[in-house]
Amino acid sequence: MIATWCQGPFEDFIQASIDGWNRGVRILHFLGGSSVAVAGNRAIAQTKMTISQRASVEGVLCDVVCTGRFYDFFEKRKGEWGMLLRQPIYEKDRIDPLDPGAALKLDPDLLAQFPEGYRHLAYLQSRIGYAVKRDLPGLTGPDVERLYARGAEWLAGKPLTPYSG
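Criteria and thresholds
- Residues numbered from 1 in each chain as written.
- Predicted model: local features only at pLDDT ≥ 70, side-chain atom pairs only at ≥ 80, totals over all residues.
- Heavy atoms only, no water.
- Phe/Tyr/Trp six-rings, centres within 6.5 Å; stacked < 30°, edge-to-face > 60°.
- Buried < 20%, exposed > 50% of the residue type's maximum accessible area, 1.4 Å probe, protein only.
- Helix = DSSP H or I, 4+ residues; strand = E, 2+ residues; numbered from the N terminus.
- Lys NZ or Arg CZ within 6 Å of the ring centre and 35° of its normal.
- Pairing = 2+ DSSP bridges.
- Axes fitted to C-alpha atoms, helices over the stretch in contact; angles between N-to-C directions.
- Contact = heavy atoms within 4.5 Å.
- Salt bridge = Lys/Arg side-chain N within 4 Å of Asp/Glu carboxyl O.

**Student:** Would you mind going over the packing of aromatic side chains in detail, with residue names and values included?
**Tutor:** Given two aromatic rings, their pairing is described by the distance between the two centres and the angle made by the two planes. This model, assessed by the stated rule, comprises four aromatic pairs. Judged by centre distance (5.6 Å) and plane angle (70°), the ring pair of Tyr71 and Phe73 falls under edge-to-face. The same class applies to Tyr71 and to Phe73, which are both buried. Ring centres of Tyr90 and Tyr118 lie 4.7 Å apart, and the angle between their planes is 45°; this geometry places the pair in the tilted category. Remark: Tyr118 occurs in the loop between helix H2 (108–111) and helix H3 (119–127) and Tyr90 occurs in strand E4 (residues 80–97); sequence separation between them is 28 residues. Like Tyr118, Tyr90 is buried. Joined through ring pairs, the aromatic side chains of Tyr71, Phe73, Tyr148 and Trp154 make up one cluster. Taking NZ or CZ as reference, Arg42 lies 3.7 Å from the ring centre of Trp154, over its face.

Dropping the structure here:
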């Protein structure tokens, strides 16, 4: 699993999610429509998603909503399909104070360190203590182009190589 705040095997992601929940981290995912490209016993699925996270940001309770897609690598083994890798593509996000009258002042230097597609989500997550990965795929650009190339290679029968950013 590759995400803004955690990268590693599913067991690590599950444990990190449990640890976060126990610390008060609240994240909700909504899944939408999917498209799947199948080549023999391999597939790439793209599923529309929205990530919602609520937390205090600079002393103001806020919701961050990030929209994008899950880009998932699947393989059929012994008659069963299983996911090998989930890579989110972060397309756009926003941050909203719960109190519309609240004055939210973000640190512009910190905000500018994060990619446009998940800038506000990364800002919130960094402020609550996560080391946020800063080179994940967005709507356009070299990171998402590398991911698409990796997916095409996977469907063409090449091995799934470790993520390199």
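**Student:** Pulling in residues and values, what's your account of the sheet that holds strand E2 (residues 42–57)?
**Tutor:** As summarised here, the arrangement of the four strands in space is E1-E2-E3-E4, forming an open sheet in which the pairing is antiparallel. The open sheet is flanked by strand E1 (26–39) and E4, the only strands paired with a single partner. Recorded for the sheet is a direction-independent mean angle of 15° between the axes of neighbouring strands. Here H3 sits on the sheet and contacts E1, E2, strand E3 (60–77) and E4; the angle it forms with E2, its principal contact strand, is near 55°.

**Student:** Outline the pattern of salt bridges, supporting the account with residue identities and numerical values.
**Tutor:** A side chain of one charge can pair with a side chain of the opposite charge when the charged atoms of the two come close. Taken as a whole, this structure holds nine salt bridges when the rule is applied. Arg127 serves as the salt-bridge partner of Glu58, at 2.7 Å between the closest nitrogen and oxygen. Pair noted here: Glu58 is in the loop between E2 and E3 and Arg127 is in helix H3, with a separation of 69 residues, a long-range link. The partner of Glu75 in a salt bridge is Arg77, and the shortest N-O contact between them spans 2.8 Å. Taken together, the salt bridges that share partners define one network made up of Glu58, Asp107 and Arg127.

**Student:** With reference to specific residues and values, describe the pairing of E2.
**Tutor:** Examined bridge by bridge, E1 and E2 share 12 bridges and lie antiparallel to one another. The partner of Val36 across the bridge, within E2, is Ala45. If you look at the hairpin formed by E1 and E2, you'll find two residues sitting between the two strands, and Gly40 has a positive phi there, around 65°. Relative to E3, E2 runs antiparallel, the two being bridged by 16 bridges. Pairing of Gln53 across the sheet is with Val64, part of E3.

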